[in-house]
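# Overview (structure and organization)
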Amino acid sequence: MRSLRLLYRGDAPVDFPRLWRRALILSAGLLALGLGSFAIRRLNLGLDFEGGTSYEVRSPETSVADAREVLGDLGVTDARIQHVGDEVLRIRSDVDDPARSIKLREDLSSRLGQIEAFEQVGPTWGRDVTDKAVRALVIFFAVIALYLTMRLEWKMAVGALVAVVHDIVISVGFYSLFQFEITPATVIAFLTIMGYSLYDTIVVYDKVREVTGRLGATERYSYTELMNLALNRVTMRSINTSISSSLPVVSLLVVGWLIMGASALQEFGVALLVGIIVGSYSSLFLASALVATLKERETRWLQ
């Protein structure tokens, strides 16, 4: 805490270049864990992406094992079953035939309890939603890369996009590792993460451009030293922004999800919280390190 207070007042500058190697090892480990989980466990895609039928059954005394046994008797062996709150079971199946899904609804109502919610999505609609999400992601990257190249320079555009990809892979890996459901709300959260990560990175880049413009002409400093100076000047701003952004998200999760049982808030909030933390980290340790490495190869900064 004392070091944080000193950093806040600017009395204890951090040697960021010395920490970049450790950060690279940490990022490599997190990326390997996320990609490994994605390859082995895959993603728990929601109904809107895969299609099928979803039932929410109010059955306080029924366990997941009991519900699975009932579904087995009804000829549904591949259902996903989870508790939503203390008294409601959510049952997902691949049944997409309307007649069979209605019959299954009647059977579940008679054997388990009251059906509180019922939803059916066709596989064609699911594929369409997935295609649109991927298309939005590609367009986002293309537009941002063009804007950053024109507004800053291509090296900073590369650094920012690498940081965004890093943040998204780790966030998606987190969802794969803990098997949180991916829904359209989660995709919106991932897009929000991209915007937040880019904002934080551009703040760092803008500060380093300012520092370079004032001190670079003296030729007394390397680009890495100027980047380190800029990072020390924006670190507390980045931390404060992350804390102020995280507090409402944490409140959303605690009150909305844990206390009130609104599972849709969990799908959105967890992605945002993980993205805010990882986005702040990548701006200070990944995007800045990559740009410093690229800039040091320019003739102007060769020592």
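Turning to the overall build of the protein, a few remarks are in order. Of the regular secondary structure elements, the protein holds 10 helices and 6 strands. For the protein, with 303 residues in total, the buried portion stands at 45%. Intrachain contacts of the protein at a sequence separation of at least 6 include 76% that bridge at least 24 residues. Carbon and sulfur atoms form 61% of the exposed surface of the protein, whose accessible area is close to 16,100 Å².

Here we take up the nonpolar core. One finds W20, F190 and M227 to be the most contacted residues of the largest nonpolar core, which totals 54 residues. Elements with a minimum of two residues in this core: α2 (16-41), α6 (123-151), α7 (154-178), α8 (184-215), α9 (223-259) and α10 (263-295). For this core, the element with the most residues is α10, which contributes 13 residues. In this view, W20 contacts T224, M227, L231, L284, F285, S288, A289 and A292; residues no more than four positions away in its chain are not counted. Counting 14 residues, the second largest nonpolar core, distinct from the first, contains L71, V76, I91 and L104.

By the element assignment, H166 lies in helix α7. Excluding its chain neighbours within four sequence positions, the residues that come into contact with H166 are S27, L31, V278, Y281, S282 and L286.

What follows concerns a nonpolar patch on the surface. A contiguous nonpolar surface patch, about 270 Å² in accessible area, is contributed by L33, L177 and F178. When you line up the elements, F178 lands in helix α7. Take F178: its relative accessible area is 49%, and that puts it in the partly exposed class.

This part covers helix α5 (residues 98-111). Between its first and last C-alpha, α5 extends 20 Å over 14 residues, near the 20 Å set by a 1.5 Å rise per residue. Within α5 the residues assigned to the buried category are S101, L104, D107 and L108. An end-on view of α5 places all buried positions within 120° of arc, on one side of the element. Every exposed residue of α5 that faces more than 90 degrees away from the buried side is listed here: A99 and S110. Within two residues after α5, G113 carries a phi angle of roughly 160°, on the positive side.

Our next topic: the pattern of salt bridges. Evaluated as defined, the whole model comprises 3 salt bridges. Where R18 meets D15, a salt bridge forms, and the shortest distance between an N and an O atom there is 3.9 Å. Of the charged contacts, one joins E153 and K295 as a salt bridge, the two residues approaching to 3.1 Å between their closest N and O atoms. Of this pair, E153 sits in the loop between α6 and α7 while K295 sits in helix α10; the two residues are 142 residues apart in sequence, bridging distant segments of the chain.

With that settled, the discussion passes to the confidence of the model for the protein. When pLDDT is averaged across the protein, the result is 79; 85% of the residues are at 70 or more. Mean pLDDT across the secondary structure elements of the protein bottoms out at helix α1 (residues 2-9), with 60, and peaks at α2, with 89.

Okay, the packing of aromatic side chains next. Counted under the stated rule, the structure contains 6 aromatic pairs. Where F174 meets F180, the ring centres are 6.0 Å apart and the plane angle is 40°; that geometry is what we call tilted. Using a relative accessible area of 27% as the deciding quantity, one classes F174 as partly exposed. A ring pair is formed by Y175 and F180, whose centres lie 5.5 Å apart and whose planes are at 70°; its orientation type is edge-to-face. Assigned by exposure class, Y175 and F180 land together as buried. Taken together, F174, Y175, F178 and F180 form an aromatic cluster joined through their ring pairs. The ring centre of F38 lies 4.7 Å from the NZ or CZ of R42, which sits over that ring.

Reading the values: the criteria
Residues numbered from 1 in each chain as written. Predicted model: local features only at pLDDT ≥ 70, side-chain atom pairs only at ≥ 80, totals over all residues. Heavy atoms only, no water. Helix = DSSP H or I, 4+ residues; strand = E, 2+ residues; numbered from the N terminus. Buried < 20%, exposed > 50% of the residue type's maximum accessible area, 1.4 Å probe, protein only. Contact = heavy atoms within 4.5 Å. Areas by Shrake-Rupley, 256 points an atom, 1.4 Å probe, with all protein chains shown as cover. Core = buried A, V, L, I, M, F, W, Y, C linked by side-chain atoms within 4.5 Å. Patch = residues over 30% accessible without salt bridge, like charges linked within 9 Å, V, L, I, M, F, W, Y side chains within 5 Å. Salt bridge = Lys/Arg side-chain N within 4 Å of Asp/Glu carboxyl O. Expected span 1.5 Å × (residues − 1). Arc of directions from axis to C-beta. pLDDT = per-residue confidence, 0-100. Phe/Tyr/Trp six-rings, centres within 6.5 Å; stacked < 30°, edge-to-face > 60°. Lys NZ or Arg CZ within 6 Å of the ring centre and 35° of its normal.

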